[in-house]
Amino acid sequence: MTAQPLLQITGLDVGYGHVGVLRDVALAVAPGSIVALVGSNGAGKSTLLRAISGLLRPSAGRIVFEAGDIAGWRPHRIVDLGIMQVAEGRRLFRRQSVHDNLELGLVGARLDRAAEAERYSAVYDLFPALRERPDVRAGVLSGGQQQMLAIAQALMRRPRLLMLDEPSLGLAPVIVDQLIDVILRLRAGGTTILLVEQMVERALEIADHAYVLQNGVVIGHGTPADIRAGDLIRRAYLGAGSEHATSD
């Protein structure tokens, strides 16, 4: 990664109460790239995203976005910088319509009506299925459509860094393909993406760089080719002592 990072994390320790989860984490995300963060359940991937989003306060380390250290900032200030997280589990206002959920994504954006209309048009172009159902309650959408809506809601703020936590979870392969296509289109449009994904091979197919977490520690990083060529995935998912390669 040769470009000046948009996001750079160094020496990061994060936990819940007295229980440490992340230890001395270092990570860099170049502008306009897709960076994948992979590892087994409980490795600390979601905890890292929550720390970047301001939902958890680090006990040590720096989270530098552009030139400023944002570690410990309140979430609304981090959103205003252009960092948006789409949490695992499609957390929507399920009794509200598709349109209302998108409108909630604009809270605090302070746009005029023309700019707001352009935002709606842009996300509906990315997700045509949502354009067809603006008045339908989010809770009755399919799982794939709910994931599309969750991403679209974040995109209403035109994030400079979009963090996606397990976007493929529970979705049919054809829907996963559609989401991957959207992620690639977003990168082509200049959006920087930090992707947490259990489907390791699919993540490596689209990532420019990848980090591997094991028990709260980054055990290695590199290009997708580097990751595939080494034993990092085996170590992360089966333990350093395992003699068997993982399949994912």
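A quick note: this is a predicted structure, and the numbers were derived from the prediction, not measured.

Rules used throughout
- Residues numbered from 1 in each chain as written.
- Predicted model: local features only at pLDDT ≥ 70, side-chain atom pairs only at ≥ 80, totals over all residues.
- Heavy atoms only, no water.
- Helix = DSSP H or I, 4+ residues; strand = E, 2+ residues; numbered from the N terminus.
- Rg over C-alpha atoms; globule rule 2.2 N^0.38 Å.
- Buried < 20%, exposed > 50% of the residue type's maximum accessible area, 1.4 Å probe, protein only.
- Contact = heavy atoms within 4.5 Å.
- Phe/Tyr/Trp six-rings, centres within 6.5 Å; stacked < 30°, edge-to-face > 60°.
- Lys NZ or Arg CZ within 6 Å of the ring centre and 35° of its normal.
- Expected span 1.5 Å × (residues − 1).
- Arc of directions from axis to C-beta.
- Domains from an automatic or database assignment.
- Buried area = accessible area lost by both parts, 1.4 Å probe.
- Pairing = 2+ DSSP bridges.
- Core = buried A, V, L, I, M, F, W, Y, C linked by side-chain atoms within 4.5 Å.
- Polar contact = N/O pair within 3.5 Å; in protein donor to acceptor, adjacent residues only side chain to side chain.
- 1 Å grid on protein atoms, 1.4 Å probe; cavity = no way out; pocket = protein on both sides within 12 Å on 5 of 7 lines; lining within 4 Å.
- Points joined across faces, edges and corners; volume = space filled by probe spheres on them.
- Nonpolar A, V, L, I, M, F, W, Y, C, P; charged D, E, K, R; others polar.

### A few points about the overall build of the chain
Move 1: In terms of helices and strands, the chain carries 10 helices and 10 strands.
Move 2: Against the compact-globule benchmark of 18 Å for 248 residues, the chain has a radius of gyration of 18 Å, which places it among compact chains.
Move 3: In terms of principal-axis extent, the alpha carbons of the chain reach across some 55 × 40 × 35 Å.
Move 4: The 248 residues of the chain split such that 48% are buried.
Move 5: When contacts within the chain are restricted to residue pairs at least 6 apart in sequence, those whose partners lie at least 24 apart make up 66%.

### Examining the packing of aromatic side chains
Move 1: Within the structure shown, the criterion is met by 0 aromatic pairs.
Move 2: Across the ring face of W73, the terminal group of R77 is positioned such that the distance to the ring centre comes to 3.7 Å.

### Description of helix α7 (residues 173-188)
Move 1: Here α7 is 16 residues long and its end C-alpha atoms lie 23 Å apart, about the 22 Å a rise of 1.5 Å per residue gives.
Move 2: Those residues of α7 lying buried are V176, L179, I180, V182, I183 and L186. End-on view of α7: buried residues confined to an arc of 160 degrees, all on one side of the axis. Every exposed residue of α7 that faces more than 90 degrees away from the buried side is listed here: P173, V174 and A188.
Move 3: Contact partners of the buried residues in α7: β3 (34-38), α4 (113-126), α6 (143-155), β7 (161-165), β8 (192-196) and α8 (200-206).
Move 4: Just past α7, the residue G190 takes up positive phi, approximately 105 degrees.

### Notes on the domain arrangement of the chain
Move 1: Segmentation of the chain into domains returns domain 1 (1-82 + 160-247) and domain 2 (93-158).
Move 2: Each of domain 1 and domain 2 has a C-alpha centre, and the two are 25 Å apart.
Move 3: In this complex, domain 1 contributes 14 residues to the contact, which on the side of domain 2 involves 12 residues.
Move 4: The junction of domain 1 with domain 2 conceals about 1000 Å² of combined surface from both sides, 72% of it contributed by carbon and sulfur atoms.
Move 5: Of all residues in domain 1, the largest losses of buried area upon contact with domain 2 belong to L179, V182 and R185, amounting jointly to 32% of the total for that side.

### Observations regarding the sheet that holds strand β4 (residues 60-65)
Move 1: If you walk across this open sheet you meet the 4 strands as β2-β1-β4-β5, and the pairing is antiparallel. Edge positions in the sheet fall to β2 (19-29) and β5 (68-69), since each of these pairs with one other strand and no more.
Move 2: As judged from the 7 bridges shared by strand β1 (residues 7-16) and β2, these two strands associate in the antiparallel manner. Across the sheet, residue V14 finds its bridge partner in β2, namely L22.

### Considerations on the nonpolar core
Side chains of a nonpolar character, in soluble globular proteins, are inclined to be buried together.
Move 1: Counting residues in hydrophobic clusters, the biggest one holds 49 residues, and the most contacted among them are L102, F127 and L162.
Move 2: The biggest single contributor to this core is α6, with 7 residues.
Move 3: When residues of this core are assigned to domains, at least three fall in each of domain 1 (1-82 + 160-247) and domain 2 (93-158).
Move 4: Discounting chain neighbours no more than four positions away, the residues touching L162 are M84, V86, A154, L155, L186, T191, T192, I193 and L194.
Move 5: Judged by nonpolar contacts, the second largest core, of 30 residues, contains I9, V29, F65 and M163.

### Structural notes on α4
Move 1: Look at α4: 20 Å from first C-alpha to last across 14 residues, which is about the 20 Å you get at 1.5 Å a residue.
Move 2: Residues of α4 that are buried: R119, Y120, V123, Y124 and L126. Looking down the long axis of α4, one finds its buried residues gathered within 160 degrees of arc, a one-sided arrangement.
Move 3: Those residues of α4 that are buried lie in contact with α3 (98-104), α5 (128-131), α6 and α7.
Move 4: For α4, the capping residue at the N-terminal end is D112, with a side-chain oxygen 3.2 Å from the backbone nitrogen of A114.

### A short note on the environment of L194
Move 1: Position of L194 among the secondary structure elements: in strand β8.
Move 2: Taking relative accessible area as the criterion, L194 reaches 0% and is therefore assigned buried.
Move 3: When the C-alpha atoms of L194 and H209 are compared, they prove to be 9.9 Å apart, with 15 residues separating the residues in sequence.

### Thoughts on the layout of surface pockets
Move 1: Approximately 720 Å³ is the volume found for the largest pocket.
Move 2: As for the largest pocket, its lining consists of 26 residues, of which V79, M84, Q85, V86 and Q153 are closest to the centre.
Move 3: Elements that contribute at least two residues to the lining of the largest pocket include exactly α1 (45-53), α2 (75-81), β6 (83-86) and α6.
Move 4: The greatest single-element share of the lining of the largest pocket, amounting to 5 residues, is contributed by α2.
Move 5: Of the residues in the lining of the largest pocket, the class split is 13 nonpolar, 7 polar and 6 charged.

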